[in-house]
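Residue-level structural notes
The chain contents come next:
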Amino acid sequence: MRCVVFGATGYIGGRLVPELVQAGHDVRVVARTPAKLAEVPWRDQVEVVDGDVTDNDAVRAAVADQEVVYYLVHSLTRRGFADIDRDAAQVVAAAANAAGVERIVYLGGIIPPHTELSRHLASRAEVGEILRASGVPTVELRAAVIIGSGSASFEMLRYLSERLPAIVTPRWVHNRIQPIAVRDVLYYLLHAAQLPAEVNRSFDIGGPDVLTYLTMMRKYAIVAGLTRRVVLPVPVLTPWLSAQWVNLVTPVPRALAVPLIESLVHEVVCGEHDIAAHIPDPAQGLTQYECAVELALTRIRNAEVPTRWSDASTYGAPSDPLPTDPDWSGGSLYEDLREHHTCADPSTVWAVIESIGGESGWYSFPLAWSLRGWIDRVTGGVGLRRGRKHPRRLHSGEALDWWRVEHIDRPHLLRLRAEMQVPGLAWLELGVEPDPDGGSRYCQRAIFQPHGLAGHLYWKAITPFHSAVFGGMVRNITSTAERKAADSTPSPG
C-alpha cells in the first residue's frame, strides 16, 4: 500500500517506518526538518518530503495519491499543545478526506471512563474524535504506558527505579496500569492499515499484565538485578510536585514529566480487547511486562536503541543559517574561537569529537558542566541526562545531553545546537582538518546570539569561565587523541 507517515522523526514513527518498508509498502514520510533523516538506515527506501502538520498546502501535497495516513504527531512539550494538536488534526483530516485517502491510523492514549481527564489525555481523545469524524475510515489505537528502550515512560520508570534506593510513593503509584511493549504497539500499527473500510472506531491495546506503577518499579528492579527498594509513602505529593521530582532525578524534562504524571493519576486499563476480532494477537502472544523490560535493557546495554523520546526536536528551535552565515543579518553576536595543533592524525581526533558527551563527558571542568546541568533541570530545561544513543557514533537531529546534533560532516565538523534554558541562541562547533606540517588542527567555536539585556549579561557573566571550560576542552580533546594515537602505534620490533 502507499502509506504516508506524519511523525517519522519521533519515537514510534522512527520505528514504524522500517516495519512498513519491510512489509513491502511504499512509504512517504513528512518531516519539518528532513535533514534529521539523512542518516537513518531506511532513508534511501522511502520518499522524504518537507512539511508541517499545521501547513495546509504541505499536508495536501503529502497525502496526495496516498492510501493510508499514519498520524503519530503530538505537541506535548509545547505551550498550548492542545490547541496546536487540534488545529493540526483538523488540517490532516480535511486533507485526507479531499485526497480520497482510504485509511487513517492514529496512536492515542487509553481514556478512563467517567472521570475528568488530564490535559494530555483530553487532547489525545479530541484528536481521535476529529480524525474519526473526517469521513475517512480511522483506526485509533489507544495505549497506556509503552515499554521499550528509549521511550519517555520507560526512561522515567528506569531512572526512578535505579537511582532511588528508597521509592517515594504518592497516591498515583497505586493506580492500575496496563503497559504494552513497543513491539506489540508496532505490530498493531502495521496491521491496522489493512482493516476493512467499515471499521471506524477506537481500540484499546495493552499487554497481558495489569499492574500498579509501584509494582512496575519493583518488577523492574528485579529484572535489572537491583536490590529491593524501600517504599516511603508520601500521600501529599501532588502530580505537579511529582513532576518536579521526576525532572530532577530522570532525563525526562519537566515539560514532558508533568503531562505524563497527570495521566498516571488515572487508572489506564483496557476497557475492551475488540481489536482481536480484526487483528489476532501476535503468534508468540502479547509480551509480558518483565520480558518487555528485559528486551529494552538488552537494547540499551548493546547500544542498539533505534529511536528515543528525545529524538523529537523542540518546535521552533533555531536551525541553519547560523548567525555568522552571509545570509544572516542584524543583532549582536559573541564568539569564542580556539584552535590547536596536535600530532594526532585527523581520524583519531574525529573519533574523540564524535564520542563526546554522555558517559564520555565534555572534557573540561566536570563540576561546572554538572552544576550547569542541574541549574537547567531546576529551571525546566533538559539538563545533561539525555545522554546519547550510541557511545561512538552520532547522527543529525539526535539529542546529545543538552545539545541537539544540528549538522555533522563526518569526519570534519560537528555542529551542536543548545537546547538548555539560556537567554539567546547558542551553538558549539568542533572540527578537525589535516595540518600541512603533519598531524592535524583542531578547531572549536562557541557562538552565542543574545536575546535582550539578559542575554548580554549572561555572556558577560560566563566569560571568565571560558578559559577553564572551552580552553580545557581544547587541551583535553587533543591530549586524549594523542594518547589514543600513541596506544594504537605498534611497538618497534
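Basis of the calculations
Each chain has its residues counted from 1, running along the sequence as written. The model is predicted, so local features are restricted to residues of pLDDT at least 70 and side-chain atom pairs to those at 80 or more, both for listing and for counting; the totals for chains, interfaces and linings are taken over all residues. To get the side-chain values, all heavy atoms of the structure are used, and hydrogens and water are removed first. Strands qualify as paired when DSSP identifies two bridges or more between them. By the criteria applied, helices consist of DSSP H or I runs no shorter than four residues and strands consist of E runs no shorter than two, each listed in order from the N terminus. To get an axis, fit a line to the C-alpha atoms, keeping to the stretch in contact for a helix; angles then go from 0 to 180 degrees between the N-to-C directions. The contact criterion used throughout is that any non-hydrogen atoms of two residues lie within 4.5 Å. Every case where a carboxyl oxygen of Asp or Glu lies within 4 Å of a side-chain nitrogen of Lys or Arg is listed as a salt bridge. Whether a residue is buried, partly exposed or exposed follows from its accessible area with a 1.4 Å probe, protein chains only, as a fraction of its type maximum: under 20%, in between, or over 50%, in that order. By the definition adopted for this analysis, an angle is roughly parallel if under 35 degrees, roughly antiparallel if over 145, roughly perpendicular if from 65 to 115, and oblique otherwise. Left-handed describes a crossing whose near helix is turned anticlockwise from the far helix through less than a right angle; right-handed describes the clockwise counterpart. Put simply, Ala, Val, Leu, Ile, Met, Phe, Trp, Tyr, Cys and Pro go in the nonpolar bin, Asp, Glu, Lys and Arg in the charged bin, and everything else, Gly too, in the polar bin.

Description of the sheet that holds strand β3 (residues 47-50)
Read across the open sheet, the seven strands follow the order β3-β2-β1-β4-β5-β6-β11; overall the sheet is parallel. Two strands in the sheet have a free side with no partner beyond their single neighbour: β3 and β11 (201-204). Averaged over all pairs of adjacent strands, the angle between strand axes in this sheet comes to 20 degrees, irrespective of strand direction. Across four bridges, strand β4 (residues 68-71) lies against strand β5 (residues 103-109) in parallel orientation. Across the sheet, the residue bridging to V69 is I104, located in β5. Strand contacts of helix α2 (residues 56-63): β1 (2-6), β2 (26-31), β3 and β4, with the helix running at about 150 degrees to β1, the strand carrying the most contacts.

What to know about the pattern of salt bridges
Enumeration according to the criterion identifies 24 salt bridges in this entry. Among the salt bridges present, the one from D336 reaches R338, with a minimum N-O distance of 2.6 Å. Measuring nitrogen to oxygen at the nearest pair gives 3.1 Å for the salt bridge that ties E406 to R417. Of the two residues, E406 sits in strand β16 (residues 403-409) while R417 sits in strand β17 (residues 413-418), which places them eleven residues apart along the sequence. Side by side, E406 and R417 carry an identical accessibility label, which is buried. Each of the salt bridges in this network shares a partner with another, and the network as a whole consists of R386, R404, E406, R417 and E419.

Thoughts on the packing of helix α3 (residues 81-99) against helix α4 (residues 119-132)
At a closest axis distance of 9 Å, the pairing of α3 and α4 adopts a crossing angle of 15 degrees. Relative to α4, α3 is oriented roughly parallel. Remark: the crossing between α3 and α4 carries right-handed chirality. For the pair formed by α3 and α4, the contact residues are F81, A82, D85, R86, A89, Q90 and A93 on the first element and R119, H120, S123, E126, V127, I130 and L131 on the second. Each residue belonging to the contact of α3 with α4 can be placed in one class, and the counts come to seven nonpolar, three polar and four charged.

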